[in-house]
Amino acid sequence: MTFLHRPKSLKELLKTRHDLPDAMLLAGGAGIMKILHKLEEPPHDVIDLGGIPDLTGIQVGRFGTWLGAMTTLHELTDDVLVRKHHPCLSEACSHGPPQVRARVSIGGIASGRRFEVLPALMVLGARIEYRGQETPQRRDRVQDCLRKDAAKGEVVVAVHLPPHQDGDQTVFRRIQGGSGDVVIAGRLRVADGEVKEAGLVVGTPTQPGLHIAAVEEALIGRPVSARPISLMEQSFVDLDPEGSVSSYARAASSRVLRSWLEHLS
Amino acid sequence: MKLSFRVNSKIEVLDVEPLTPLIEVLRDRLALIGAHQGCTGDNCGACTVLVNDVPVYACQVPVCQVDDAEVRTVEGLTADAERLAPLQEALAKAGATGCGFCTPGMLMIGLALRQRQPRPGPEELRELLSGNLCRCTGYEAIVQAMLEVME
Ligand SMILES: Cc1cc2nc3c(=O)[nH]c(=O)nc-3n(C[C@H](O)[C@H](O)[C@H](O)COP(=O)(O)OP(=O)(O)OC[C@H]3O[C@@H](n4cnc5c(N)ncnc54)[C@H](O)[C@@H]3O)c2cc1C
Ligand code: FES
Ligand code: FES
């Protein structure tokens, strides 16, 4: 038999989570059935995050953007301010069946490590806010969360995005591939004719980090340069243990993004 | 747990395990077998129902999430069991059904869109239908029939 707990505030949630550290969390619910299929028996306790106002809402301000953990992909695509300030995230959230996007939460994405949205969060410099009753509040970079699990008793309460800066350009592309879709998110900041920041993250459902030449080819139809493949291979870093999210070294990112943006304009 | 929700405007009160998939409750407990179970979670869309007017895959929704909610299934499209709803009639007339397995899910998408927007364009309809698979019709007939009835 499964017991359902429905905390009504963040304080109540943290207490329940602390008292029942093995309880399953229920957010949008889109991933629950797949998790249940892998369990030998249903969980004894489930904590429903659905009725907690502290986990909902989108706030866009001068100091950045706050996304409550229960914000759905659908809300992120629909929100005018998110579309304006973080088009790359909005675009990343617009893929997938509407029946799923209406339910999947950004907190679920951050914990479930889905390859579709994480690259966009990473290039935007997002931080995930964890809270626990007995652990200090912390905000970790998305790339740091990929290799470690949340501490027992912790919950994702929000995702924070730094404010958009002058000269920022972001791009997001989803490409259908033979063994599953590949998503590519990029951010380039040029000021006074100089590249100040460049980030390129590629997410794939299964295969290990894509080759940068393949990325270029997917984006622009041809490799940007004819450098030998072996050299290019050194320019990416796998960000998760499965190697399904990779980030590219700054020089490579900058080169590919500039050609990509030129190509798009 | 004790759960109460409305299905096609009728209040249902059930004692049920909270993580039971909604589709099982609809089909096995309430004998509403219109929503089909095709793939159990790989996006076929045959199980699509509306929860508070939003289309969801009933095979993926734990029933505790519909507590106090309004669920609509294909059975609720028309109050008169002897007559087809305009959306159903349009699909039938246009030959937009083959085996019919996907049809209940497609109809619920049509209903959701119609409620959201009285005169949707083909792009909006296609986008909303993107989570529903049809192996028989090639989709175009479904899109055309729905657009016609919504005009
Ligand atoms: C049919 C199907 C299609 C999908 N398609 C897509 C898609 O197109 N794009 C996409 O991005 N994803 C997709 N997903 C996967 C989905 O994004 C993940 O399963 C995601 O984790 C679900 O988020 P949720 O809010 O529904 O979480 P839930 O399913 O409610 O929770 C799953 C688990 O995530 C963890 N969790 C959730 N919220 C929190 C939190 N706030 N703090 C700590 N832990 C938490 C818990 O361990 C919880 O048990 C799909 C899943 C399915 C079943
Ligand atoms: S049966 Fe639910 S998506 Fe196929
Ligand atoms: S009519 Fe047969 S699957 Fe659509």
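Quick caveat: nothing in here was measured; it's all calculated off a predicted structure.

Asks: Looking at this structure, how should I read the overall build of chain B?
Replies: Regarding its fold elements, chain B presents five helices and five strands. Overall, chain B shows an N-to-C arrangement of helices and strands of β-β-α-β-β-β-α-α-α-α. Over its C-alpha atoms chain B spans a radius of gyration of 15 Å, differing by no more than 12% from the 15 Å that the globule rule assigns to 151 residues. Each of the three principal axes of chain B carries a C-alpha extent, and together these read 45 × 30 × 25 Å. Relative to its 151 residues, chain B shows a buried fraction of 50%. Nonlocal contacts in chain B, meaning residues at least 24 apart in sequence, comprise 58% of its contacts between residues at least 6 apart. For chain B, the exposed area adds up to about 7,000 Å²; of that, 49% sits on carbon and sulfur atoms. Each charge class in chain B was averaged separately, 13 positive and 20 negative side chains, and the resulting centres sit 4 Å apart.

Asks: Looking at this structure, how should I read the interface of chain B and chain A?
Replies: Where the parts come together, the accessible area they lose is often given as the size of the interface. With 28 residues of chain B in contact, the opposing surface of chain A contributes 24 residues. Contact with chain A buries surface across chain B, with Leu19, Gln60 and Gln65 of chain B losing the most and accounting together for 32% of the total. Our enumeration of links across chain B and chain A arrives at two salt bridges. With a shortest N-O distance of 3.0 Å, Arg6 of chain A and Asp67 of chain B are connected by a salt bridge. Inspection of the region where chain B meets chain A yields 10 residue pairs in polar contact (both at pLDDT 80 or more).

Asks: Help me understand the sheet that holds strand S7 (residues 138-141) of chain A, please; the structure alone is not making it clear to me.
Replies: Sheet strands pair via backbone hydrogen bonds, and the direction of the pair is either parallel or antiparallel. Residues and elements named next belong to chain A. Here five strands make up an open sheet; going across it, the order is S4-S5-S8-S6-S7 and the pairing antiparallel. Taken across any chain shown, the strands that pair with only one partner, and hence form the sheet edges, are strand S4 (58-61) and S7. Pairwise comparison of adjacent strand axes, ignoring direction, gives a mean angle of 25° for this sheet. Looking at chain direction, strand S6 (residues 127-132) and strand S8 (residues 154-161) are connected through six bridges and run antiparallel. Bridging across to S8, Arg131 finds its partner in Val155.

Asks: Can you walk me through the side chain of Thr16 of chain A in this structure?
Replies: Relative to the assigned elements, Thr16 of chain A resides in helix H1 (residues 10-19). Take Thr16 of chain A: its relative accessible area is 16%, and that puts it in the buried class.

Asks: Would you take a moment to explain the pattern of salt bridges for this structure?
Replies: Where charged atoms of side chains with opposite charge meet at close range, the side chains can pair. Counted by the stated rule, this structure contains 13 salt bridges over all chains. Glu12 of chain B is paired through a salt bridge with Lys10 of chain B; the nearest N and O atoms lie 3.3 Å apart. Taking relative accessible area as the criterion, Glu12 of chain B reaches 14% and is therefore assigned buried. Of the charged contacts, one joins Arg126 of chain B and Glu123 of chain B as a salt bridge, the two residues approaching to 3.5 Å between their closest N and O atoms. Here Arg126 of chain B pairs with Glu123 of chain B, and both are found in helix H4 (residues 122-128), just three residues apart, close to one helical turn. Each member of the salt-bridge network shares a partner with another, and the members are Arg6 and Asp48 of chain A together with Asp67 of chain B.

Asks: Before we go on, may I ask you to explain empty space enclosed by the protein in this structure?
Replies: In this approach a probe as big as a water molecule rolls over the atoms, and the regions it shows empty are the leftover space. Residue and element names in this part refer to chain A. Counted under the stated rule, the structure contains one cavity of 30 Å³ or more. The computed volume of the largest cavity comes to approximately 60 Å³. Every residue lining the largest cavity is listed: His85, His86, Leu124, Pro162, Pro163, His164, Asp168, Thr170 and Arg187. Its residues assigned to classes, the lining of the largest cavity shows three nonpolar, four polar and two charged. In this structure, the lining of the largest cavity is formed jointly by two domains, domain 1 (3-161) and domain 2 (168-264), each of which donates at least three residues.

Asks: Could you clarify how one ought to interpret the sheet that holds strand S1 (residues 3-5) of chain A in this entry?
Replies: All names here are of chain A. With parallel pairing, the three strands of this open sheet are ordered in space as S1-S3-S2. Single-partner strands in this sheet number two, and they are S1 and strand S2 (24-26). Each strand axis lies, on average, 30° off the axis of its neighbour in the sheet, ignoring direction. Two elements, S2 and strand S3 (residues 45-48), share three bridges in a ladder whose sense is parallel. Bridge pairing in S3 links Met24 to Val46.

Asks: I would appreciate a short explanation of the nonpolar core in the present structure.
Replies: Across soluble globular proteins, you tend to see nonpolar side chains buried next to one another. In this structure, Leu89, Val117 and Leu121 of chain A are the most contacted members of the largest nonpolar core, which totals 33 residues. At the level of secondary structure, the elements contributing two or more residues to this core comprise helix H3 (73-78), helix H5 (87-92), helix H7 (106-112), helix H8 (118-123), S6, helix H9 (142-145), S8 and strand S10 (182-191) of chain A. Looking at this core element by element, the count peaks at five residues for H8 of chain A. Summarising the domain contributions, this core has at least three residues from each of domain 1 (3-161) and domain 2 (168-264) of chain A. Counting residues in hydrophobic clusters, the runner-up holds 26 residues, among them Ala85, Leu87, Met106 and Leu107 of chain B.

Asks: What is the right way to look at unusual backbone geometry in this model?
Replies: All names here are of chain B. If you check the backbone angles, Ser9 has positive phi at about 75° while not being a glycine. With respect to the helices, strands and loops of the structure, Ser9 is situated in the loop between strand S1 (2-7) and strand S2 (10-15). The phi angle at Asn52 is positive, at roughly 50°, despite the residue not being glycine. Here Asn52 shows up in the loop between strand S3 (48-51) and strand S4 (54-57). For Asn52, a relative accessible area of 48% puts it in the partly exposed group.

Rules used throughout
- Residues numbered from 1 in each chain as written.
- Chains lettered and ligands numbered in written order.
- Predicted model: local features only at pLDDT ≥ 70, side-chain atom pairs only at ≥ 80, totals over all residues.
- Heavy atoms only, no water.
- Helix = DSSP H or I, 4+ residues; strand = E, 2+ residues; numbered from the N terminus.
- Rg over C-alpha atoms; globule rule 2.2 N^0.38 Å.
- Buried < 20%, exposed > 50% of the residue type's maximum accessible area, 1.4 Å probe, protein only.
- Contact = heavy atoms within 4.5 Å.
- Areas by Shrake-Rupley, 256 points an atom, 1.4 Å probe, with all protein chains shown as cover.
- Lys, Arg positive; Asp, Glu negative; His and termini not counted.
- Charge placed at Lys NZ, Arg CZ, Asp CG, Glu CD.
- Buried area = accessible area lost by both parts, 1.4 Å probe.
- Salt bridge = Lys/Arg side-chain N within 4 Å of Asp/Glu carboxyl O.
- Polar contact = N/O pair within 3.5 Å; in protein donor to acceptor, adjacent residues only side chain to side chain.
- Pairing = 2+ DSSP bridges.
- Axes fitted to C-alpha atoms, helices over the stretch in contact; angles between N-to-C directions.
- 1 Å grid on protein atoms, 1.4 Å probe; cavity = no way out; pocket = protein on both sides within 12 Å on 5 of 7 lines; lining within 4 Å.
- Points joined across faces, edges and corners; volume = space filled by probe spheres on them.
- Nonpolar A, V, L, I, M, F, W, Y, C, P; charged D, E, K, R; others polar.
- Domains from an automatic or database assignment.
- Core = buried A, V, L, I, M, F, W, Y, C linked by side-chain atoms within 4.5 Å.

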